[in-house]
Amino acid sequence: MSAPIPGYLSATIGRVSRMELDAIFQGLNDEQRRAVEATRGPICILAGAGSGKTTTITRRIAHQVATGVFEPADLMAVTFTDRAAGEMRSRLATLGVEGVRARTFHSAAFAQLRHLGADATPQILASKAVALRQIGNTLPKPYKFRPAGDLATEIEWAKNRRIGPHDYIAKLGAHTPPIPPDLMASVYDRYESGKRSRNLIDFEDLLELTIQMFQTDDSARDRFFWRYKAFTVDEYQDVNLLQETLLREWIGERDDLCVVGDDYQSIYGFTGASPDYLLQMPGRFRDTKVIRLETNYRSTPEVLAVANKLVPNLGGAEKVLRAARPSGPKPMRRAFRDPSAETGFLVEQIKRLQGEGVPLEEMAILYRVNFRSEDYEEVLAAAGIPYRVTDGAFLQRQSARNVLSALRRSSSTGVAEEVQRLAGRAGYVEEPAEDLGEQELTRQKDLARLIHLALEFDDGSRTGIEFVAEIELRFGGGGEGRGVNLLTLHRAKGLEFEAVFLPRVEDGELPFKRSKTDEAIAEERRLFYVGLTRAKTHLVVTWVSDGRRKASTFVGEISDGGRPGTPMDKKPRPVEEIQAREGLKVSLSGGFSGTLVEVRADGATLAIDGGAELEVRYGDVVTAGDRTLPLGPPELPDDPVLKALKAWRAQRAKADEVPAYVVFHDKTLEAIAAAGPRSPEDLSLISGIGPAKLERYGSEILTLMTTG
């Protein structure tokens, strides 16, 4: 071995040569350094959201190699996606470490069966969908319409728990399948029989066969033990029984295992995942070193303050996140009295943030279930805001595609009747059962939305062709390009955005109405926590309270000891009013009091004592001092230009059949009136006027400004 060069550790281990140890520890905080220095023995890293866990475990692996404790080929690192495994290999290569096996559970198992198994590995079924669609088509109505995806999810629920078709019903417990248990057991059995007859296996079989190989083939087991000596498992809170059983076969009686995870982010219970394996590791291995990573590099202190309020109710291993970033804007928590006010507020905030320089692709609207996307697709499209939907926009989902395809050449003017007929043929039911699988629930909601849109559209004269064009116009703002991200809370895990919007945080939505048990509600709370911790700088939590809908219990948990705000009923508006102004202290009926912190053209924002914020509309009765009167807008000077602009906007909105705010917000009109633009260049400098609006409305505005 050559003499060490100062500042370096000379090494001829594997492919590593002269690795600079300083690079491994550069930029690490004390918590991360402790984890990296622990190169042997059982290690349990409890990594909070945004705490740099991937950096920590890749640096730890590099340290294991650089110090000569292990050769790269001795090490296996396991994660849950090919993307994450590729990222780990890339980071290790940057540190000069190559040869470490970084794989998913399934790719590792496949390699082991091929290289260590006595028999040839059967062909892997790429997807369960085709086989299950064929089986599903033979079921009685209405179950024959169930999406194959729901049936596949249920089979995976069983196989990940190592439950076979013949003991499926006996082991259901409180779990509710997407179709009656006897039918589901039959589907499961037929699916398994079909695979065997064709000598196929699925991805769960891949793990099961590998487990059986190690349990029955001593030669394969010995060769594997000689090959791999230490293991790292990422996202350990997402491990299920099938994966955990395989991991234990890999480890045997050894204890060179490092697991990293966050029980607060365990949100895949429907796959059989459980945080228990992570939390119970210190009990399974003597002398387990437990290290908490609680320094968060993603979010501002204000965002983390909201997320940390959930901690007392999250259970598990307590982790209170500390921000490494400087202070930022205060998160918004707002109640609305109707859904249109809530979605209108989202549009307003998106435009405001865009005007402040936040790119649209750095904003995300997160929701609980897929079918909610259409609520936000429609308002964003109407406002001319580009967006992209993860997992398929409304028009890309099967229900909409089938119905619109059937109507694309229809000259019938009975549009509503035609859509109802098509939906009925597709198995639509007016009141779907609560225990439907998520894909079937989305399908039913999409059909219901199409029926509602058709009833709204049908005037007895317009045709099916025109209906298709109308729907594509209303929901056609999505695409593969840049825009506001629309995705479910589950899909958001592992991602981060400058601005996160969490609408509809309401009972029945989050927690979802199917969540009946304490365990299910606990997972829904963790899902909310995941949503909160995706935000880097801007966080907006909203809900509607209108008698039918009410704030989620989770909203109360993130409030400063208070309950969520509830909008008041509207009252007739008399002549005398209390004029709104920022800093005005007011009280509302129901016991809410606080300070007006923002006054706008359509109402004001009340910061409630206790931390939440409530939207107050003009006309709502408030008490200020010894006066109890409706809240009114502040007095504005009588500006004839502004008055003319508002009159033009009203006419244009009516002609375009869109809400007035879609044309321009009041603030934009006020800015135009104040600036007095005389050219397109002048207009383009005004906040709220982008290229699309400049092209659409610019000439009309300039004509009005020069003639009025």
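In this text the structure is predicted, and so the values were computed from the model without any measurement.

Rules of the game
- Residues numbered from 1 in each chain as written.
- Predicted model: local features only at pLDDT ≥ 70, side-chain atom pairs only at ≥ 80, totals over all residues.
- Heavy atoms only, no water.
- Helix = DSSP H or I, 4+ residues; strand = E, 2+ residues; numbered from the N terminus.
- Buried < 20%, exposed > 50% of the residue type's maximum accessible area, 1.4 Å probe, protein only.
- Contact = heavy atoms within 4.5 Å.
- Areas by Shrake-Rupley, 256 points an atom, 1.4 Å probe, with all protein chains shown as cover.
- Pairing = 2+ DSSP bridges.
- Axes fitted to C-alpha atoms, helices over the stretch in contact; angles between N-to-C directions.
- 1 Å grid on protein atoms, 1.4 Å probe; cavity = no way out; pocket = protein on both sides within 12 Å on 5 of 7 lines; lining within 4 Å.
- Points joined across faces, edges and corners; volume = space filled by probe spheres on them.
- Nonpolar A, V, L, I, M, F, W, Y, C, P; charged D, E, K, R; others polar.
- Phe/Tyr/Trp six-rings, centres within 6.5 Å; stacked < 30°, edge-to-face > 60°.
- Salt bridge = Lys/Arg side-chain N within 4 Å of Asp/Glu carboxyl O.
- pLDDT = per-residue confidence, 0-100.
- Left-handed = near helix turned anticlockwise from the far one by under 90°.
- Expected span 1.5 Å × (residues − 1).
- Core = buried A, V, L, I, M, F, W, Y, C linked by side-chain atoms within 4.5 Å.

**Considerations on the overall build of the chain**
Alright, step 1. Helix and strand counts for the chain stand at 29 helices and 23 strands.
Alright, step 2. For the chain, with 708 residues in total, the buried portion stands at 53%.
Alright, step 3. Relative to all contacts within the chain whose residues are 6 or more apart in sequence, the contacts with residues 24 or more apart total 74%.
Alright, step 4. Total accessible area on the chain stands at roughly 31,600 Å², and carbon and sulfur atoms take up 49% of it.

**Describing the sheet that holds strand 3 (residues 101-104)**
Alright, step 1. One open sheet accounts for 6 strands, arranged 3-2-6-7-1-8; its pairing is parallel. Bordering the open sheet on either side are strand 3 and strand 8 (289-293), each of which pairs with just one other strand. Recorded for the sheet is a direction-independent mean angle of 15° between the axes of neighbouring strands.
Alright, step 2. Across 3 bridges, strand 6 (residues 230-233) lies against strand 7 (residues 257-261) in parallel orientation. Residue pairing across strands places Phe231 opposite Leu257, the latter belonging to strand 7.
Alright, step 3. Relative to the sheet, helix 4 (residues 82-94) contacts strand 2 (75-79) and strand 3, its axis offset from that of strand 3 by approximately 170°.

**Concerning the pairing of strand 20 (residues 603-608)**
Alright, step 1. Burial analysis of strand 20 places 6 of its 6 residues in the buried class, the great majority of the element.
Alright, step 2. The pairing of strand 19 (residues 593-599) with strand 20 spans 5 bridges and is classified as antiparallel. Residue pairing across strands places Glu598 opposite Thr605, the latter belonging to strand 20.

**Section: empty space enclosed by the protein**
Alright, step 1. Here the structure, examined in full by the defined rule, presents 2 cavities of 30 Å³ or more.
Alright, step 2. Looking at the largest cavity, the residues that line it are Leu366, Tyr367, Arg368, Arg372, Tyr376, Leu489, Leu502, Pro503, Arg504, Val505, Glu509 and Leu510.
Alright, step 3. Split by residue class, the lining of the largest cavity holds 8 nonpolar, no polar and 4 charged.
Alright, step 4. Considered as a void within the structure, the second largest cavity measures approximately 40 Å³ in volume.
Alright, step 5. Within the lining of the second largest cavity, the residues separate by chemical class into 3 nonpolar, no polar and 4 charged.

**Section: the pairing of strand 19**
Alright, step 1. Judged from the 3 bridges that link them, strand 18 (residues 585-587) and strand 19 form a sheet pairing that is antiparallel. When the sheet's bridge partners are listed, Ser587 is paired in strand 19 with Ser593.

**Details of the packing of aromatic side chains**
Alright, step 1. Overall, the coordinates contain 14 aromatic pairs when judged by the stated rule.
Alright, step 2. Relative to Tyr697, the ring of Trp648 lies with its centre 5.7 Å away and its plane at 80°, an arrangement referred to as edge-to-face. Note that Trp648 is positioned in helix 25 (residues 640-656) and Tyr697 in helix 29 (residues 691-707), a separation of 49 residues in sequence. Across the pair, exposure class does not vary: Trp648 and Tyr697 are buried alike.

**Remarks on helix 14 (residues 301-308)**
Alright, step 1. Residues of helix 14 that are buried: Val303, Leu304, Val306, Ala307 and Asn308.
Alright, step 2. Residues of helix 14 that are buried make contact with strand 9 (295-296), helix 15 (311-314), strand 10 (322-323), helix 23 (518-532) and strand 16 (535-544).

**Some thoughts on the side chain of Ser373**
Alright, step 1. Along the polypeptide, Ser373 turns up in helix 17 (residues 373-382).
Alright, step 2. Looking at Ser373, the relative accessible area reads 0%, which means it is buried.
Alright, step 3. What Ser373 contacts, discounting residues up to four positions off in sequence, is Tyr367, Val389, Phe394, Arg397 and Leu486.

**Focus on the pattern of salt bridges**
Alright, step 1. Inspection of every chain in the model, using the stated rule, returns 39 salt bridges.
Alright, step 2. We note a salt bridge from Glu418 to Arg421, for which the minimum N-O separation is 2.6 Å. One end of the pair is Glu418 and the other is Arg421, both in helix 19 (residues 415-425) and 3 residues apart, which spans about a single turn.
Alright, step 3. A residue is classified by how much of its surface remains accessible, and Arg421, at 39% relative accessible area, is partly exposed.
Alright, step 4. By sharing partners, the salt bridges in this structure join Lys53, Asp234, Glu235, Asp238 and Lys493 into a single network.

**Observations regarding the confidence of the model for the chain**
Alright, step 1. Confidence in the prediction of the chain, expressed as mean pLDDT, is 84, and 89% of residues score 70 or more.
Alright, step 2. This stretch, residues 1-19, has a pLDDT under 50; its non-local contacts, to residues over four places away or in other chains, come to 38 contacts.
Alright, step 3. Note that residues 561-575 has pLDDT below 50 and, in this model, 39 contacts with residues that lie over four places away or in other chains.

**Here's the deal with the packing of helix 25 against helix 29**
Alright, step 1. The geometry of helix 25 relative to helix 29 is characterised by a closest axis approach of 11 Å and an angle of 145° between their N-to-C directions. As for how helix 25 packs across helix 29, the hand of that crossing is right-handed. Here Val641, Ala644, Leu645, Trp648, Arg652 and Asp656 of helix 25 lie close against helix 29, whose contacting residues are Arg696, Tyr697, Glu700, Ile701, Leu704 and Met705.
Alright, step 2. Across the contact of helix 25 with helix 29, the residue classes break down as 8 nonpolar, no polar and 4 charged.

**Regarding the packing of helix 18 (residues 398-407) against helix 20 (residues 438-457)**
Alright, step 1. The N-to-C vectors of helix 18 and helix 20 enclose an angle of 40°; their axes lie 8 Å apart at closest approach. Handedness of the helix 18/helix 20 crossing: right-handed. When helix 18 is examined against helix 20, the residues Ser399, Ala400 and Val403 are found in contact with a partner set consisting of Arg443, Asp446, Leu447 and Leu450.
Alright, step 2. Here the contact of helix 18 with helix 20 is composed, by residue class, of 4 nonpolar, 1 polar and 2 charged.

**Let's talk about unusual backbone geometry**
When glycine is set aside, most residues are seen to have a negative phi, and most peptide bonds are trans.
Alright, step 1. For the bond from Leu510 to Pro511, the omega torsion is 10°, close enough to zero to count as cis.
Alright, step 2. The residue Arg162 is not glycine, and still its phi comes out positive at about 60°.
Alright, step 3. Within the secondary structure layout, Arg162 lies in the loop between helix 7 (148-160) and helix 8 (181-197).
Alright, step 4. Positive phi, normally seen in glycine, also occurs at Glu235, with a value near 50°.
Alright, step 5. Overall, Glu235 belongs to the buried group, its relative accessible area being 18%.

**What about helix 7?**
Alright, step 1. Compared with an ideal rise of 1.5 Å per residue, which puts 13 residues at 18 Å, helix 7 spans 18 Å between its outermost C-alpha atoms and is within 8% of the ideal.
Alright, step 2. Burial analysis of helix 7 places 11 of its 13 residues in the buried class, the great majority of the element.
Alright, step 3. Considered for burial, the residues of helix 7 that qualify are Ala148, Gly149, Asp150, Leu151, Ala152, Glu154, Ile155, Trp157, Ala158, Lys159 and Asn160.
Alright, step 4. Of the surrounding elements, those touching the buried residues of helix 7 are helix 6 (129-136), helix 8, helix 9 (203-216), helix 11 (241-251) and helix 20.
Alright, step 5. The positive-phi residue at the C-terminal boundary of helix 7 is Arg162, with phi of around 60°.

**Side note on the environment of Val419**
Alright, step 1. With respect to the helices and strands, Val419 occurs in helix 19.
Alright, step 2. Taking the C-alpha atoms as reference, Val419 lies 8.8 Å from Leu404; in sequence the two are 15 residues apart.
Alright, step 3. Excluding anything up to four places from it in sequence, Val419 contacts Val403, Leu407, Leu450, Ile451, Ala454 and Phe467.

**Things to note about the nonpolar core**
Alright, step 1. The biggest cluster of nonpolar side chains holds 52 residues, and the ones touching the most others in it are Leu502, Phe528, Leu532, Leu539, Val541 and Leu631.
Alright, step 2. Sorting elements by how many residues they give to this core places helix 23 first, with 5 residues.
Alright, step 3. Counting 34 residues, the second largest nonpolar core, distinct from the first, contains Ala109, Leu113, Ile201 and Trp250.

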